[in-house]
Amino acid sequence: MSDGVIEAVVTTVLPPTDDSFLHSATCIGISGLFTIAALLLTIHQIYEHLRWYSCPTEQRWIVRILFIVPIYSFDSWLSLIFSSNNVYIYFNSIRDCYEAFVIYSFLSLCYEYLGGESNIMAEIRGKAIRPTNYYTCTCCLAGKQYTIEFLRFCKQATLQFCFIKPIMSVLTLILTPMGKYEEGNWSADQGYIWITLTYNVSISLSLYGLFLFYTATKDLLSPYRPVLKFLTVKSVIFLSFWQGFLLAVLAAFNVIDPIYTADGTEISRATIAAGWQNFFICIEMFFAAIALRFAFSVSAYADAHTSTNPNDGRPVTLQSISSSLKETMNPKDIMQDAIHNFHPQYQQYTQHSNPARSASSDQQQPSTSRDDARLSSGSTPQNYSSFAATPGSEQPPPVVPTGNLIDS
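Cut-off values and rules
Residues numbered from 1 in each chain as written. Predicted model: local features only at pLDDT ≥ 70, side-chain atom pairs only at ≥ 80, totals over all residues. Heavy atoms only, no water. Phe/Tyr/Trp six-rings, centres within 6.5 Å; stacked < 30°, edge-to-face > 60°. Helix = DSSP H or I, 4+ residues; strand = E, 2+ residues; numbered from the N terminus. UniProt positions renumbered as here; feature names shortened; annotations may be inferred. Polar contact = N/O pair within 3.5 Å; in protein donor to acceptor, adjacent residues only side chain to side chain.

Caption draft 1: The packing of aromatic side chains, seen in detail. Inspection of the entire model under this criterion finds 23 aromatic pairs. A ring pair is formed by Tyr98 and Phe101, whose centres lie 5.4 Å apart and whose planes are at 70 degrees; its orientation type is edge-to-face. A residue pair is termed a helical-turn pair when its members lie 3 or 4 positions apart in one helix, as Tyr98 and Phe101 do in helix α5 (residues 88-113) at three residues. With centroids separated by 6.2 Å and ring planes inclined at 85 degrees, the aromatic side chains of Trp186 and Phe245 adopt a geometry described as edge-to-face. With Trp186 in the loop between α7 (148-175) and α8 (191-221) and Phe245 in helix α9 (residues 226-252), the pair connects residues that are 59 residues apart, well separated along the chain. Each residue in the set Tyr181, Trp186, Tyr192, Phe241, Trp242 and Phe245 is aromatic and connected to the rest through ring pairs, giving one cluster.

Written out as structure tokens, the structure is:
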């Protein structure tokens, strides 16, 4: 009799996994449909940019940004499928690494829109920093002016996240098999709390740097619809980050209940929270793919090519697509930029980049012709051998960085 009572209690209190939505075929099917739709939309958009690859210095960054949808959605879908035994942590580590790359790519794209570092400084140097208040954490900048150091800080704030994020992901992969990392375990002897705190500080600093850059250049960026681009990229990255953090907090406060398998094995609250995060991301990436199509439309680049080459049918081959894609994903420019922004030897120098496309020249043209003029002016890559010292600097010109630290 007592055995029957105990069995009834166990059956009531410990529901089997099959009753959980996250482990059901319905969940996998719904998330899979949204994932496939997001993949098709984004892959087609990436194909269009590679087909009309008329401005590599800009479209390189755009393609890198667009890849966040396939990586996020497909990675999250795999995490849902292989959610047992913390296998999802390994998939999420890949997603986390690319997240930092996208933030840097977006800032670099804004630099390209404005003609590079030297052109930006020519427009904002000497102006008072705005806004300066407690709400935006800029009260300490009151009375100060925009300088090359200010612009350098904005770049450094985003670049540091590109290095911190992969390091934290590697630490997660090392600590997990050692039993020192468990999602949602806030104990001081576990790595989760320290990695999460580091993430929060790093991503907040990155967001702060982007905010400062946007407030300094929003008038210059206005022809390029910066608000839509800014909100889309930030929503994909930062809202998903805080969404996951909120779910982890809810799990820590027992708002999310654990799930038990038929044999009584517990699936922790943290794992369930991570499962909901992956499910939400699969759904959200479909809407992100739609927003990105409007934010980073290929029409300006296709129209520019057509206007300059009216008789060109633009035959597309797999070789040309592959070549453009290879050039797009080459990380060499990131390493060069990291050296330029962090090495003390270059702190007082402004980098020249594509002088034909200055922000001031864009402002002097009618808004309807800005894109065509900007794209038809050429697409020369950044010139890392040309620098100009800021006023008051008497240091000799630095050596040309090639991406190797030996140059310093």
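So much for the structure itself; the text now carries on.
Caption draft 2: The UniProt feature "transmembrane region" (unreviewed entry) in the protein chain, seen in detail. UniProt annotation of "transmembrane region" (unreviewed entry) refers to residues 20-41, 61-81, 101-120, 161-179, 191-215, 236-256 and 276-296 when read in the numbering used here. End-to-end, the C-alpha atoms of residues 236-256 are 24 Å apart, and along that stretch the chain is 81% helix and 0% strand. Taken as a whole, residues 276-296 contains 95% helix and 0% strand, while its terminal C-alpha atoms sit 29 Å from one another.

Caption draft 3: Main features of the side chain of Ser24. Tracing the sequence through the fold places Ser24 in the loop between α1 (2-13) and α2 (25-51). Within polar-contact distance, the side chain of Ser24 engages the backbone nitrogen of Cys27 at 3.3 Å.

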